[in-house]
Amino acid sequence: PRACERDVVIPPRRSSLVTYMSPARQGPVDLEWSPDWVHSPEQFSIPGGVKNAEEVMGSCQTMLLPSEVRDLRLSFERLLAARDALTRVLGLKGRPTVVVTSGAKNVRETSKRLGFKDDQKAYLWDDNDELRGKEQVVVVDKYKGMPREQRKKLMEFLERALPASRLSPEVARFMLSSGDEQALGIDIESGEWRYRITRCSGEEPGCFPCPPDLRV
């Protein structure tokens, strides 16, 4: 894949991982990380060498309550799971750096923070329409669903690894709290929980547009 020839960075905007809203304290908690990770008060990076959420939490320098540690660890588990999935799909030789921000994404400044040279080309692919027209940003279509075959494979995996009927009430309530995008529903005939994965109209995964100066 072309991605193997590029330096890939994953830049999620997660304000809750920069300033954590603690249910226990009923207020915000500013999270402090290893100084080597911090780009600015609103942005930090997780190096590709970090293997799991336990290592991420080991770099947190803020005194946290046990419930806060658990909540944040689960958030980082989901984030790193997505990172590892992209690593496999793109055929990368190593795990990419994850840059977590709570503010506006700035490609040029982030590139400098990561040590890229001024003459290196850097682009951000994002589905945020507010970034349209910004320098070094390529706006892509929002995710609307999975092609039929991919959806079928995912549904089979989910039912094999963790059938919806075996979800705990706490997990089911959490999944049902996501509104229109909820990934869980009730089968009308059986009355049991069933996963809901939206299928897109096309049968092939979409392709990200590539800026002219990156085309080979």
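Cut-off values and rules
Residues numbered from 1 in each chain as written. Predicted model: local features only at pLDDT ≥ 70, side-chain atom pairs only at ≥ 80, totals over all residues. Heavy atoms only, no water. Helix = DSSP H or I, 4+ residues; strand = E, 2+ residues; numbered from the N terminus. Polar contact = N/O pair within 3.5 Å; in protein donor to acceptor, adjacent residues only side chain to side chain. Contact = heavy atoms within 4.5 Å. Pairing = 2+ DSSP bridges. Buried < 20%, exposed > 50% of the residue type's maximum accessible area, 1.4 Å probe, protein only. Phe/Tyr/Trp six-rings, centres within 6.5 Å; stacked < 30°, edge-to-face > 60°.

> Summarise the side chain of Thr 87; cite the residues concerned and give the values.
Structurally, the position occupied by Thr 87 is in helix 2 (residues 66-89). Reaching out from Thr 87, the side chain makes a polar contact with the backbone oxygen of Arg 83 at a distance of 2.9 Å. For Thr 87, the contacting residues outside a window of four places in its chain are Leu 92, Gly 94, Arg 95 and Pro 96.

> How would you sum up the sheet that holds strand 1 (residues 9-10)? Please name residues and give values.
Here we have 4 strands laid out as an open sheet, ordered 1-6-5-4, and mixed in their pairing. Among the strands making up the open sheet, the edge pair consists of strand 1 and strand 4 (38-40). Strand direction decides the pairing type here: strand 5 (residues 43-46) and strand 6 (residues 97-101), joined by 4 bridges, are antiparallel. Along strand 6, the bridge assignment pairs Ser 45 with Val 99.

> Please give an account of the environment of His 39 that cites residues and values.
The residue His 39 is located in strand 4 in this model. For the pair formed by His 39 and Pro 11, sequence separation is 28 residues and the distance between their alpha carbons is 13 Å. With residues near it in sequence (within four places) discarded, His 39 still touches Phe 44, Ser 45, Val 99, Arg 113 and Leu 114. There is a polar contact of 3.4 Å between the side chain of His 39 and the side chain of Ser 45.

> For the pairing of strand 6, give the residues involved together with the corresponding values.
Of all 5 residues that make up strand 6, 4 are buried, and the element is covered over most of its length. Bridge count between strand 1 and strand 6: 2 bridges; the pairing is parallel. When the sheet's bridge partners are listed, Val 9 is paired in strand 6 with Thr 97.

> Explain the pairing of strand 3 (residues 27-30) to me, using residue names and the numbers behind them.
Inspection of the sheet shows strand 2 (residues 19-22) paired to strand 3 by 4 bridges, in the antiparallel sense. Counted as the bridge partner of Ser 22 is Gly 27 from strand 3. Linkage of strand 2 to strand 3, two consecutive antiparallel strands, is achieved through a turn of 4 residues, within which Gln 26 is found at a positive phi near 55°.

> How would you explain the packing of aromatic side chains if you had to name every residue and give the values?
The geometry of an aromatic ring pair comes down to the distance between the two centres and the angle between the two planes. By the definition in use, this model includes 4 aromatic pairs. Ring geometry for Trp 33 against Phe 44: centres 4.9 Å apart, planes inclined by 20°, an arrangement best described as stacked. One end of the pair, Trp 33, is in the loop between strand 3 and strand 4; the other, Phe 44, is in strand 5, with 11 residues separating them in the sequence. Grouping aromatic residues by their ring pairs yields a cluster made of Trp 33, Trp 37, Phe 44 and Phe 76.

Read these as spatial facts, not as claims about activity.
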